[in-house]
Amino acid sequence: MSPFKNLIAATAILLMLSARTSGDSTSPPPHQARIAELLARMSLQEKIGQLNMRGGGQPMDVNPGMRDQNLNELLGEIRSGAVGSLLGANGADYINKLQRCAVEESPHKIPLLVGNDVIHGFRTIFPIPLGEAATFQPELIERAATVAAREARAAGTNWTFAPMIDVCRDARWGRIAETAGEDHYLGALMAAARVRGFQGDRVDAPDRVLACGKHYVAYGAPEGGRDYNTVDVSMQTLHEVHLATFHTAVRAGVASMMTSFNEINGVPASGNEYVMRTVLRGDWAFGGFVVSDYNAIPEMILHGYAADRADAAAKALRAGVDIDMCGFAYRDELAGLVASGRVSEKLIDESVNRVLRAKASLGLFESPYSDSSLEKRTLLAAEHRALARDIARRSMVLLKNNKELLPLPKSIKRLALIGPLIDSRRDPLGTWACYGEDQNVVTVRAGLAAALPQTEILTARGCDVRGESPFGVDEAVVAANAAEAVVLVLGESEDMSGEGHSRASIELPAPQLALAKSLFDTGKPCVVVLLTGRPLAIPTLAESAGAILCAWHPGTECGHAIADVLLGDFNPAGRLPATFPRATGQIPIHYNHKNTGRPPTADRYTSKYIDVAWTPQYSFGFGLSYTTFAYSDLRVEPATVDADGSIRISVNVANTGRRDGEEVVQVYFRDPIASRTRPVRQLCAFERVAIAVGQSKCVEFSISADLFAFYNWDMKRVVEPGEIELYVGGNPADGLKTSVQVIDAIAR
Ligand code: GLC
């Protein structure tokens, strides 16, 4: 990212903590006159219909994610104006049928919003978002979102329930796979990039869709890492970590937000007036619309926050939820609530206004239909697959490479390819790959075979991903002994992460560990490739594998991308967006932790464990390369900076190895003394730079002092005077150090 773009990004970030940003409320939004006229003609029931979302009516074989539903029932509801948006409909021809019913037969001819989970690709599937984040290349992920939007809109989808913007410091949570990891600065840049990619400059273009920031808010911090569980965070952490990323998405122009399942300090998100009215619509002047997560409105009864469905509907509407996703509380209760005076029709008008504005912004009133011939030409286009392959290999993180075992020589005569995931098609797609198709996936075996036409590849499954007892270990050992080297593919099936798939233990399943140990005992050079939706606790692999490549769930181009990296056609440069613990028991463990009054030392009475080293197995920001880099000549100017000023950092990075490569240059800061304790490191800038063998590059960053802001005890957002330490290197622990003085304070 160029320094100037970096300043833009940094500015966007600094505003993420800002108290209030002005929304232009003078000129009416576009299409307002038409919407006002339409609204005036609508009955209360018809208005409520626009706030009701239901399933897309296709049978299970077309939409595995959707419960089977009766198409005629759906068409009847559309025709009567009882539904305004759909979840899970797929395909231009099918959706055109539904749109035609809405546009030609419903009372006010209002087209439908058609929403889908286009999280990391539509038909061309990119790495899971956690893998995309590992590229540390937001501009690349913007391109992936652009492709996803192009494919989705061609297939009739006009609204995606993405980007997922939650910050997660707990790898037990299954949905960490969908996040950008543990850091809000990286998460904010990835969120903004995806919003730009999905929406472009105009969402009425035929290849763009509305984006949706989710899950608002703090869903990534459930107690125990257990999905849907209680979230209780300080107001400071709520603002500094969890709200921060969403604010950047709002500033990037995200069209909608989705409220999360969780409560926030006792108030469920879908009924939380503070996060929706005070922060989102007040401080941030968000002009888009808000949808609840699936059935989240009635779930406020189970939360113990609403007495019944009517109470839940009233609380959600008052808090600011515009569309009820498949909870049917709005459909069933709002008319009665208006009649009884418990909610004003004005609130409903405001919500309907926002929903109609969104439909108008998509151009749906003028052009509601998709072109199925375009759909056929667009899905899985060659250039889409090429981008998916490039992003997949750029996402991969080299965690270990003893004695430069990797890259493997293409002259290898016999290679053993072992593990329960070597032929899998669905698992490399990862979670939320709704419209990805298994038959398009390049398996690990197929990718290596294509890249090594002269090599005899001996294969063995070795064990099941999660089976109870290892079977096939013996055949795996035979294959290993007959080969020059082993590629062992381990990790998670796609259904071991994602929604409702949290794990109490993130260690490798026992059969996989047994297989690995048997293969290590052969003494053959062994490369472990991890296909996973989350960080894993892999102390045995870290100890005994010759090399370890974390490939995440890399998407449609899995096998080609893995072969590119293992055989040196691409020098890996991914960096971890989330910490790999040594053991589940260390969780929560993240790089931006506090120092405490007894930071860990050899002394007994300091903050550590007696059974596991206190450090992570692999830190956030860590990753190796097939070459090496050296940092020198770190400079910062000016030496002192106003709290509302900015500094320029420059550093020289030399490629000191034998291969061209890319380095993710990272800038961290620490505020060592403040009115509230601050983390030992915080990421504030990064750039992935390509440096040829023997060359070096001067990498420059422009960083706003406002990035040093935090919320003090009184919840004032402050930048305090004093020294700020700065660290520049290839990960938080290594690198060069300097500092800058902030010379005055700002409190907002
Ligand atoms: C799910 C998820 C949400 C998704 C929605 C629609 O429960 O929490 O991320 O967008 O329902 O599928």
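Up top is the structure.
Residues numbered from 1 in each chain as written. Predicted model: local features only at pLDDT ≥ 70, side-chain atom pairs only at ≥ 80, totals over all residues. Heavy atoms only, no water.

**What to know about the site of the ligand**
Point 1. In the vicinity of the ligand there are 13 residues, among which Asp-117, Arg-175, Lys-214, His-215 and Asp-293 approach most closely.
Point 2. A distance of 2.5 Å is found between an oxygen atom of the ligand and a side-chain nitrogen or oxygen belonging to Asp-117.
Point 3. At a separation of 2.6 Å, an oxygen atom of the ligand approaches a polar side-chain atom of His-215.
Point 4. Protein contact buries 93% of the 310 Å² of open area that the ligand shows by itself.
Point 5. Residue composition of the shell around the ligand, grouped by class: seven nonpolar, one polar and five charged. (Near = heavy atom within 4 Å. Polar contact = N/O pair within 3.5 Å; in protein donor to acceptor, adjacent residues only side chain to side chain. Areas by Shrake-Rupley, 256 points an atom, 1.4 Å probe, with all protein chains shown as cover. Nonpolar A, V, L, I, M, F, W, Y, C, P; charged D, E, K, R; others polar.)

**Topic: helix α19 (residues 510-521)**
Point 1. Taking 1.5 Å per residue, twelve residues should reach 16 Å; α19 reaches 17 Å between its end C-alpha atoms and fits that length.
Point 2. Those residues of α19 lying buried are Pro-511, Gln-512, Leu-515, Ala-516, Leu-519 and Phe-520.
Point 3. Contact partners of the buried residues in α19: β12 (414-418), α18 (473-481), β14 (485-491), β15 (526-531) and α20 (539-544).
Point 4. Phi turns positive one or two residues past the end of α19, at Gly-523, with a value near 80°. (Helix = DSSP H or I, 4+ residues; strand = E, 2+ residues; numbered from the N terminus. Expected span 1.5 Å × (residues − 1). Buried < 20%, exposed > 50% of the residue type's maximum accessible area, 1.4 Å probe, protein only. Contact = heavy atoms within 4.5 Å.)

**A look at the sheet that holds strand β3 (residues 113-116)**
Point 1. What the five strands build is an open sheet, ordered β4-β3-β2-β1-β10; its pairing is parallel. Only two strands of the sheet have a single neighbouring strand rather than two, namely β4 (159-160) and β10 (324-325).
Point 2. Where strand β1 (residues 52-55) and β10 come together, two bridges link them in parallel fashion. The residue of β10 that forms the bridge with Met-53 is Met-325. (Pairing = 2+ DSSP bridges.)

**So, empty space enclosed by the protein**
Point 1. For the structure shown, the criterion picks out six cavities of 30 Å³ or more.
Point 2. Its boundaries defined by the atoms lining it, the second largest cavity holds a volume of some 90 Å³.
Point 3. If you trace the second largest cavity, you find 13 residues lining it, with Gln-50, Gly-81, Ser-106, Pro-107 and Ile-110 closest to the centre.
Point 4. Classifying every residue of the lining of the second largest cavity gives seven nonpolar, four polar and two charged. (1 Å grid on protein atoms, 1.4 Å probe; cavity = no way out; pocket = protein on both sides within 12 Å on 5 of 7 lines; lining within 4 Å. Points joined across faces, edges and corners; volume = space filled by probe spheres on them.)

**A short note on the side chain of Glu-725**
Point 1. Along the polypeptide, Glu-725 turns up in strand β25 (residues 722-729).
Point 2. Within the structure, the side chain of Glu-725 is placed 2.6 Å from the side chain of Tyr-727, a separation counted as a polar contact.
Point 3. What Glu-725 contacts, discounting residues up to four positions off in sequence, is Tyr-668, Phe-669, Arg-670, Pro-672, Lys-737, Thr-738 and Ser-739.

**Observations regarding the environment of Glu-223**
Point 1. In this structure, Glu-223 sits in the loop between β5 (212-216) and α9 (235-251).
Point 2. Remark: the alpha-carbon pair of Glu-223 and Trp-173, spanning 50 residues in sequence, is separated by 9.5 Å.

**Let's talk about the environment of Ala-145**
Point 1. Examined against the element boundaries, Ala-145 turns out to sit in helix α7 (residues 138-154).
Point 2. Taking the relative accessible area as the measure of exposure, Ala-145 reaches 4% and is therefore buried.
Point 3. If we skip the residues at most four places from it in the chain, Ala-145 touches Arg-194, Gly-197 and Phe-198.

**Comments concerning unusual backbone geometry**
Point 1. Each neighbour pair has its own omega, and for Leu-406 with Pro-407 the value is -5°, a cis peptide bond.
Point 2. Between Ile-587 and the following residue, Pro-588, the backbone shows a cis peptide bond with an omega angle of 5°.
Point 3. Mapped onto the fold, Pro-588 is located in the loop between α21 (558-566) and β17 (629-637).
Point 4. Within the chain, Cys-326 stands out as a residue other than glycine whose phi angle is a positive 60°.
Point 5. Here Cys-326 is to be found in the loop between β10 and α13 (329-339).
Point 6. The residue Thr-596 is not glycine, and still its phi comes out positive at about 65°.
Point 7. Tracing the backbone shows Thr-596 in the loop between α21 and β17.
Point 8. Thr-596 sits in the partly exposed class, given a relative accessible area of 46%.

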